[in-house]
Amino acid sequence: QNDPDGAVRAAAAESLSSADVGAVRPLLGALSDPDPRVVLAALESLEMVGDESIVPDLAPALEHSDPAVRERAREAAEFLE
């Protein structure tokens with residue numbers, strides 16, 4: 001989460017996709033990462049964890065400056081609802 005390389009942070013977020021709901025907190029934290037790759041990986045992993053209670057926490061990603069992040073956040077929210 002603190003590695004200066006965005007690719008490393010994205011890989012860490014991806015690795016949490018097979019974790020349980022204990023991974024939700026660090027993944028939600030990754031949604032505020034400045035690197036869109038990290039945010040996309042976190043969204044993917046959050047969807048895989050499948051905790052519908054986090055849908056409201058996706059709101060900032062729905063307003064992200066990167067259109068790919070906004071689209072992926074919308075997809076994740078729809079899937080989790």
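Right, let's walk through the structure included here. Since the structure is predicted, the reported quantities are computational estimates derived from the model, not experimental observations.

Side chains three or four residues apart in an α-helix point the same way, a direct result of the helix having 3.6 residues per turn. Along helix α1 (residues 6-15), the residues that are buried comprise G6, R9, A10 and A13. Down the axis of α1, the sector holding all buried residues measures 100°, keeping them to one side. Summarising the contacts, the buried residues of α1 are in contact with α2 (24-30) and α3 (36-49). Two to three positions downstream of the cap, the backbone nitrogen of A7 sits 2.9 Å from a side-chain oxygen, assigning the N-cap of α1 to D5.

Before going further, it helps to examine the nonpolar core. With 23 residues, the main nonpolar core has L27, L31, A42, L43, L46, I54 and L58 as its most contacted residues. Elements with a minimum of two residues in this core: α1, α2, α3 and α5 (67-80). Apart from the residues within four sequence positions on either side, L46 is in contact with V24, L27, L28, L31, D51, I54, L58 and L80.

What the rule picks out here adds up to seven salt bridges. For R37, the salt bridge is made with D35, and the minimal N-O distance between the two is 2.6 Å. For the salt bridge of E75 with R72, the shortest nitrogen-to-oxygen distance reads 3.5 Å. Of this pair, E75 and R72 both sit in helix α5, three residues apart, roughly one helical turn. Among the charged side chains, a salt-bridge network with shared partners connects E44, E47, R72 and E75.

What follows covers the environment of E14. Inspection of the secondary structure puts E14 in helix α1. According to the relative accessible area criterion, E14 is partly exposed, its value standing at 47%. Measuring from C-alpha to C-alpha, the distance between E14 and V49 comes to 11 Å, with 35 residues separating the pair along the chain. Beyond its immediate stretch of four places on either side in the chain, E14 contacts A41 and S45.

This next bit is on the packing of α1 against α3. To describe two helices that pack against each other, one gives the angle between their axes and the distance between the axes. Following both chains from N to C, one finds α1 and α3 inclined at 5°, their axes separated by 8 Å at the closest point. Classified by the angle their axes make, α1 and α3 are roughly parallel. Of α3, the residues touching α1 (which contributes G6, A7, R9, A10, A13 and E14) are R37, V38, A41, A42 and S45. By residue class, the composition of the contact of α1 with α3 is six nonpolar, two polar and three charged.

Criteria and thresholds
- Residues numbered from 1 in each chain as written.
- Predicted model: local features only at pLDDT ≥ 70, side-chain atom pairs only at ≥ 80, totals over all residues.
- Heavy atoms only, no water.
- Buried < 20%, exposed > 50% of the residue type's maximum accessible area, 1.4 Å probe, protein only.
- Helix = DSSP H or I, 4+ residues; strand = E, 2+ residues; numbered from the N terminus.
- Arc of directions from axis to C-beta.
- Contact = heavy atoms within 4.5 Å.
- Polar contact = N/O pair within 3.5 Å; in protein donor to acceptor, adjacent residues only side chain to side chain.
- Core = buried A, V, L, I, M, F, W, Y, C linked by side-chain atoms within 4.5 Å.
- Salt bridge = Lys/Arg side-chain N within 4 Å of Asp/Glu carboxyl O.
- Axes fitted to C-alpha atoms, helices over the stretch in contact; angles between N-to-C directions.
- Parallel < 35°, antiparallel > 145°, perpendicular 65-115°, else oblique.
- Nonpolar A, V, L, I, M, F, W, Y, C, P; charged D, E, K, R; others polar.

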